[in-house]
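Fold and geometry: a report
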Amino acid sequence: ETKTTSTIHEVKNHVGQSVTIGCWLNNKRKSGKIQFLQLRDGTGFIQAVVVKSEVPEEVWESATKLTQESSMYITGSVREEPRSKSGFELTVEHVEIIQITQDYPITPKEHGVDFLMDHRHLWLRAPRQRAVLVIRAEIIRAIQQFFDDRGFQLVDPPILTPSSCEGTTNLFHTKYFDEDAYLTQSGQLYMEAAAMALGKVYSFGPTFRAEKSKTRRHLIEFWMIEPEMAFVDHEESLRVQEQFISHVVQTVLNKCRAELETLGRDISKLEKIQAPFPRITYDEAVEFLQAAGHEFPWGEDFGAPHETAIAEKYEKPVFITHYPTGIKAFYMKPDPNRPEVVLCADMIAPEGYGEIIGGSQRIDDPQLMEERFKEHELSSEAYQWYMDLRKYGTVPHSGFGLGLERTVAWICGLEHVRETIPFPRLLYRLYP
Ligand code: 4AD
Ligand code: MG
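Here the structure is a predicted model, which means the values were calculated and not measured.

**Quick look at the site of ligand 1**
- With respect to spatial proximity, 23 residues lie near ligand 1, and among them E166, Q188, R209, E226 and E355 are the closest.
- Expressed as a share of its isolated accessible area of 630 Å², the protein-covered part of ligand 1 is 94%.
- Put simply, the parts of the chain that give the shell around ligand 1 at least two residues each are β11 (221-230), β17 (354-361) and β18 (397-403).
- Tallied by class, residues from the shell around ligand 1 come to eight nonpolar, seven polar and eight charged.

What follows is the structure, encoded as structure tokens:
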């Protein structure tokens, strides 16, 4: 006897046929002589119906034994069922139990966040968590597609580094045999070298910051997409960024309707995310905050409440440009007309999700670069190779970094970044 195996996602191709699916029990309901099994197999969810009068006694008994998260191969015929969420239903013919699960810790009742985080390895099975991870994977595909289609080359910067990119306060220290090393905060400096070799490049990888702050936007380990472009100035970089974000959001809207629905996301808000995006300068942002009653002196960096207040004025992400030189990274190019500000922009997501992109035009003048190293007390020895990029055929160039988890949080409409990554590394949380 040959069995047709299927996944829940693929049952649409087997209407009227009998299929076998490897799956888990998500939930169960009994109504007299009928049992309704809610099944999941990772690709989706489906209801299977066991009718006592239509199956052998042992099949009915097997179904009766099934508990939450019990594993099995189930065989049944596929029917179209317009009333069900998936559009299909199984009429059960056979159940082959793999394991009857005892005392699954995550029950359908409400659990606290700490409990769920301790059981993250199981929590991932919940419909909402599955939806987030499916959308995360789609976002990654859309990101790579955007850059691959536009002639960018994927380049992988190192994870272990001898020096810092984004300041020394949150470096993750480790030993590298007899030397000191740090987990990368950003691949940017290496991507600048790659851009001088390949023109337009992007990286996608994990980055690390020993952030002592416990907020809903900060992870210790997060993933960044870092494009770097030779012969591209600040203005053109902003155009790439708005096209890029529009593409990602519209792709998720096209491909992940069911998952967005599972999350209860307000789709109409995402539909508005189309380039161009509004731009304001740091100066204008400060004026706005002061007028709105915030005590905010020029020259300070925005905190989360400031970003949220600014973002609330817009339905799309907003670029805040031209920050004071003193609060931004050493490599940012000063505005030639006004050296006290730099040619940079942060992109602030709508709905209070905060900064999702940080980017800038980079200093290309070797002399100014040397000065900056001195001002920032960076050892010119460790950055010798970075200086070489300015010495041997320097060109104007720009780049930016998108934080993947903040982007997932925004698109999914999640309260906290901890649900945007399979196993979040948070302050004081390394388990599981
Ligand atoms: O603004 P940041 O620090 O910029 C850089 O690292 C640049 N070197 C990027 C570049 O130009 N190539 O970080 C970029 C983005 C932020 O906008 C934010 O979305 C995210 O990375 N990010 C974090 N996400 C989660 N947890 C953290 N602790 C994050 N820190 C930054
Ligand atoms: Mg930033």
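**Focus: the domain arrangement of the protein chain**
- In terms of domains, the protein chain is made up of domain 1 (11-99) and domain 2 (120-419).
- Look at where the C-alpha atoms of domain 1 and domain 2 centre, and you get two points 46 Å apart.
- Of the residues lining the interface, nine residues belong to domain 1; the matching set on domain 2 comes to four residues.
- Carbon and sulfur atoms make up 46% of the surface buried where domain 1 meets domain 2, a total of about 520 Å² over both sides.

**Section: the side chain of T420**
- Within the element layout of this structure, T420 appears in the segment after α13 (404-412).
- Within the structure, T420 has its side chain in polar contact with the backbone oxygen of V417 (distance 2.6 Å).
- When near neighbours in sequence (up to four residues on either side) are disregarded, T420 contacts V132, R136, E405, V408, A409 and L414.

**Description of the pattern of salt bridges**
- Counted by the stated rule, this structure contains 29 salt bridges.
- Residues K52 and E57 are paired through a salt bridge, measuring 4.0 Å at the closest nitrogen-oxygen approach.
- The class for K52 is partly exposed, based on a relative accessible area of 29%.
- Between D364 and K333 there is a salt bridge, with its nearest N and O atoms 3.5 Å apart. Residue D364 is located in the loop between β17 and α11 (366-375), and its partner K333 is located in the loop between β13 (318-321) and β14 (334-335); the two are separated by 31 residues in the primary sequence. Both residues of the pair, D364 and K333, belong to the buried class.

**Quick word on α13**
- Burial analysis of α13 places eight of its nine residues in the buried class, the great majority of the element.
- Restricting attention to buried positions, one finds in α13 the residues L404, E405, T407, V408, A409, W410, I411 and C412.
- Remark: G413 follows α13 within two positions and exhibits a positive phi of approximately 70 degrees.

**Notes on helix α5 (residues 188-198)**
- For α5, every residue scored as buried is listed here: Q188, L189, M191, E192, A194 and A195.
- For α5, the elements touching its buried residues are β10 (200-208), β11, α12 (384-391) and β18.
- One or two steps after α5, the chain reaches G199, where phi turns positive at roughly 90 degrees.

**As for the pairing of β18**
- Most of β18 is tucked away, with seven of its seven residues classed as buried.
- With burial as the criterion, each face of β18 is covered, one bearing H397, G399, G401 and G403 and the other bearing S398, F400 and L402.
- Of the pairings in the sheet, the one linking β17 to β18 comprises five bridges and is antiparallel in character. Along β18, the bridge assignment pairs G358 with G401.

**With respect to the environment of A194**
- With respect to the secondary-structure elements, A194 resides in helix α5.
- The residues contacting A194, other than those within four sequence positions of it, are V155, G199 and V201.

**Considering the confidence of the model for the protein chain**
- In the predicted model, the protein chain carries a mean pLDDT of 97, and the fraction of residues at 70 or more is 100%.
- Of all helices and strands in the protein chain, the one with the weakest mean pLDDT is helix α10 (residues 304-311) (95), whereas β18 scores best (99).

**Some points on the sheet that holds strand β2 (residues 34-40)**
- If you trace the five strands once around the closed barrel, you get β1-β2-β3-β5-β4, paired in mixed fashion. Neighbour to neighbour, the strand axes of the sheet diverge by 55 degrees on average, direction disregarded.
- The pairing of strand β1 (residues 18-31) with strand β4 (residues 71-80) spans seven bridges and is classified as antiparallel. In the strand pairing of β4, I21 is matched with I74.
- Most of the contacts of helix α1 (residues 57-65) go to strand β5 (residues 88-99), to which it runs at about 80 degrees, and overall it touches β1, β2, β3 (45-51) and β5.

**Some remarks on the packing of helix α9 (residues 282-291) against α10**
- It is the contact of α9 with α10, at a shortest axis distance of 10 Å, that shows an interaxial angle of 95 degrees. In terms of axis orientation, α9 runs roughly perpendicular to α10. Packed against α9, whose contacting residues are A285, F288 and L289, the element α10 presents H306, A309 and I310 at the interface.
- Partitioning the contact of α9 with α10 into residue classes produces five nonpolar, one polar and no charged.

**Focus on the packing of helix α4 (residues 127-149) against α13**
- Relative orientation of the contacting elements α4 and α13 amounts to 120 degrees, with a least axis distance of 10 Å. Here α13 runs oblique to α4, going by the angle between their axes. In this structure, the crossing between α4 and α13 has a hand that is right-handed. Along the contact surface, α4 presents V132, I135, R136, I139, I140 and I143, while α13 presents L404, E405, V408, I411 and C412.
- Residues belonging to the contact of α4 with α13 are distributed by class as follows: nine nonpolar, no polar and two charged.

What counts as what
Residues numbered from 1 in each chain as written. Chains lettered and ligands numbered in written order. Predicted model: local features only at pLDDT ≥ 70, side-chain atom pairs only at ≥ 80, totals over all residues. Heavy atoms only, no water. Near = heavy atom within 4 Å. Areas by Shrake-Rupley, 256 points an atom, 1.4 Å probe, with all protein chains shown as cover. Helix = DSSP H or I, 4+ residues; strand = E, 2+ residues; numbered from the N terminus. Nonpolar A, V, L, I, M, F, W, Y, C, P; charged D, E, K, R; others polar. Domains from an automatic or database assignment. Contact = heavy atoms within 4.5 Å. Buried area = accessible area lost by both parts, 1.4 Å probe. Polar contact = N/O pair within 3.5 Å; in protein donor to acceptor, adjacent residues only side chain to side chain. Salt bridge = Lys/Arg side-chain N within 4 Å of Asp/Glu carboxyl O. Buried < 20%, exposed > 50% of the residue type's maximum accessible area, 1.4 Å probe, protein only. Pairing = 2+ DSSP bridges. pLDDT = per-residue confidence, 0-100. Axes fitted to C-alpha atoms, helices over the stretch in contact; angles between N-to-C directions. Parallel < 35°, antiparallel > 145°, perpendicular 65-115°, else oblique. Left-handed = near helix turned anticlockwise from the far one by under 90°.

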